[in-house]
Amino acid sequence: MRSKRMPMVVLYSQADCSYCNTARHYLVPMSAGGRRALFRQIDMDTDAPLVDFAGQASTHRKVAAAQGVRFAPTVRFFDADGRVLGDDVVGIGVEDFYAQYIDNALDLARRSMGAAD
């Protein structure tokens, strides 16, 4: 991430969340090729194991709670050190513009890391 100046895009999701499925509908195609960002998902309602940015063993649920994420879907952008870049995209207000909201936030995160578009 650091050498390629690529942010990490994290979708915070929950099971049986139709809006989360909609978010994935937009995020999965954006992740193709892996050239603009590293895409990951944290399942807020599971205790599946996860290693956090500090390298500590944790769970999806604990990481989401520690990061203060309480609403699904939330999309957050991080740099290589786990610092948040820009504002979260929370929920899906108007689906017609959702892809543009994500794309704008991703461009801002990339610029914050010094990436050339």
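Up top you'll find the structure we're talking about.
Residues numbered from 1 in each chain as written. Predicted model: local features only at pLDDT ≥ 70, side-chain atom pairs only at ≥ 80, totals over all residues. Heavy atoms only, no water.

### What to know about the pairing of strand β2 (residues 38-43)
Here is the rule we go by: DSSP bridges decide pairing: two strands pair if at least two such bridges lie between them. What counts as a helix is a DSSP run of H or I of at least four residues, what counts as a strand is a run of E of at least two, and both are numbered from the N terminus. By the criterion used throughout, a crossover qualifies as right-handed when its path from the first strand across the helix to the second strand runs clockwise, the strands pointing away from the viewer.
When strand β1 (residues 8-13) meets β2, the two strands line up parallel, connected through six bridges. Along β2, the bridge assignment pairs Y12 with I42. Handedness of the crossover is the feature at issue here: the chain leaves β1, passes through helix α1 (residues 18-31), returns alongside β2, and the resulting connection is right-handed.

### A look at α1
Residues that lie three or four places apart on an α-helix share one face, since the helix turns once every 3.6 residues. Put simply, the rule reads: In a helix, the anticipated span is given by 1.5 Å times the number of residues less one. Burial status follows relative accessibility: with a 1.4 Å probe on protein chains alone, a residue under 20% of its type maximum counts as buried, one over 50% as exposed, and anything between as partly exposed.
Along its 14 residues, α1 runs 20 Å from first to last C-alpha, staying within 8% of the 20 Å computed at 1.5 Å per residue. Regarding α1, the residues found buried are C20, T22, A23 and L27. Just beyond α1, the residue with positive phi is G33, at close to 90°.

### Digging into the sheet that holds strand β6 (residues 89-90)
Going by this rule: The contact definition used throughout considers only heavy atoms, calling two residues in contact when any of these lie within 4.5 Å. A fitted line through C-alpha atoms serves as each axis, taken over the contacting stretch for helices, and the angle formed by two N-to-C directions is quoted from 0 to 180°.
Across the sheet, four strands lie side by side as β2-β1-β5-β6; this open sheet has mixed pairing. Across the chains shown, the open sheet's two edge strands, defined by having one partner strand only, are β2 and β6. Set on the sheet, α1 makes contact with β1, β2 and β5 (74-78); between it and β1 the angle comes to about 160°. Sitting on the sheet, helix α3 (residues 95-112) touches β1, β2, β5 and β6, and the angle it makes with β5 is about 15°.

### Comments concerning the nonpolar core
Applicable threshold: As used in this record, nonpolar core signifies buried Ala, Val, Leu, Ile, Met, Phe, Trp, Tyr and Cys residues forming a set joined through side-chain atoms within 4.5 Å.
Formed by 17 residues in total, the largest nonpolar core has its most connected members in V9, L27, V75, F77, V89 and Y98. Those elements giving two or more residues to this core turn out to be β1, α1, β5 and α3. Ignoring anything within four residues of it in the chain, the contact list for V75 reads V9, V10, L11, L27, D88, V89, Y98 and I102. Residues V10, M44, V63 and A64 belong to the second largest nonpolar core, which totals twelve residues.

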